[in-house]
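# An overview of the molecular structure
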Amino acid sequence: MTGILDKFHVEHSIDGARVMARTHQLTAACTSDAQIETHIQMLKDDLDACAREMKRFVKIDSRGALFEGWPSANDDVL
């Protein structure tokens, strides 16, 4: 999940979740305070979306094994 700008993405692996930047340029060239505020707020909103996604991944990881409690091939099923 990246939000509306598609500037960031969340990677999830066995080591955890992290935010990666897709590009080096994060904003367009700004010529006024209002443009700066708008661009920076959009970046903040995207990072907030990434934080929610990271928290979701961490919550999934903390639940344990995906198939925990299911019978395995080694179980003696009657």
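Right above here is the structure, for reference.
Rules of the game
Residues numbered from 1 in each chain as written. Predicted model: local features only at pLDDT ≥ 70, side-chain atom pairs only at ≥ 80, totals over all residues. Heavy atoms only, no water. Salt bridge = Lys/Arg side-chain N within 4 Å of Asp/Glu carboxyl O. Helix = DSSP H or I, 4+ residues; strand = E, 2+ residues; numbered from the N terminus. Buried < 20%, exposed > 50% of the residue type's maximum accessible area, 1.4 Å probe, protein only. Core = buried A, V, L, I, M, F, W, Y, C linked by side-chain atoms within 4.5 Å. Contact = heavy atoms within 4.5 Å.

## Thoughts on the pattern of salt bridges
- Taken as a whole, this structure holds two salt bridges when the rule is applied.
- Taking the shortest distance from any N to any O, the salt bridge between Arg-56 and Glu-53 comes out at 3.0 Å. With Arg-56 and Glu-53 both in helix 1 (residues 33-62) and three residues apart, this pair spans about one turn of that helix.
- Since its relative accessible area comes to 41%, Arg-56 is described here as partly exposed.
- Note on Glu-53: relative accessible area 11%, which makes it buried.

## Digging into the nonpolar core
- Formed by Phe-8, Val-10, Leu-43, Cys-50 and Phe-57, the largest nonpolar core amounts to five residues.
- For this core, the secondary structure elements donating two or more residues are strand 1 (8-13) and helix 1.
- When residues in this core are grouped by element, the largest group, three residues, is from helix 1.
- Beyond its immediate sequence surroundings of up to four residues, Leu-43 is in contact with Leu-5, Lys-7, Phe-8, Leu-26 and Thr-27.

Scope: geometric values only; no functional claims are made or implied.
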